[in-house]
Amino acid sequence: MNMIYFLIGCSILLALVFLAAFFWASKTGQHDDTYTPGVRILFDDEPVEIKKAEKPDEDHF
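Along each chain, the written sequence defines residue order, and numbers are assigned to residues from 1. Given that the model is predicted, a residue must reach a pLDDT of at least 70 before its local features are reported, and side-chain atom pairs must reach 80 or more before they are shown or counted; all residues, however, enter totals for whole chains, interfaces and linings. Only hydrogens and water are set aside; all other atoms, that is, all heavy atoms of the structure, feed into the side-chain values.

A. Examining the overall build of the chain more closely. Numbered from the N terminus, helices here are DSSP runs of H or I no shorter than four residues, and strands are runs of E no shorter than two. Scanning the chain from terminus to terminus reveals 2 helices and 0 strands. The burial tally for the chain puts 2% of its 61 residues in the buried class. To measure how exposed things are, a 1.4 Å probe is used in the Shrake-Rupley method; for residues, cover is taken only from the protein chains shown. Of the roughly 6800 Å² of accessible surface on the chain, 65% is carried by carbon and sulfur atoms. Type-normalised accessible area, obtained with a 1.4 Å probe on protein chains alone, sets the label of each residue: buried when under 20%, exposed when over 50%, and partly exposed for intermediate values.

Following this line, the structure appears as structure tokens:
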């Protein structure tokens, strides 16, 4: 019977930790912008231009 009291205390403590984490995330703005991350995945990154090495004119006859 003592074990059930220990488990209830642990579960309440765990719930309080998750509640504190939720309030911390809300306070720091984690849930402010819900639209942009969903749209950002649809666009590709800008392609990186690869500079071509200049060939010497010796190849031409």
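B. Focus on a nonpolar patch on the surface. A contiguous nonpolar patch, built from Met1, Ile4, Tyr5, Ile8, Ile12, Leu16, Leu19, Phe22 and Phe23 and spanning about 980 Å² of accessible area, is present on the exposed surface. In this fold, Phe23 is placed in helix α1 (residues 2–27). To count toward a patch, a residue needs a relative accessible area above 30% and no salt bridge. Like charges then connect within 9 Å, nonpolar side chains (Val, Leu, Ile, Met, Phe, Trp, Tyr) within 5 Å. Salt bridges, as used here, are contacts in which a Lys or Arg side-chain nitrogen is within 4 Å of a carboxyl oxygen on Asp or Glu.

Without other data, these values stay purely geometric and don't point to any function.
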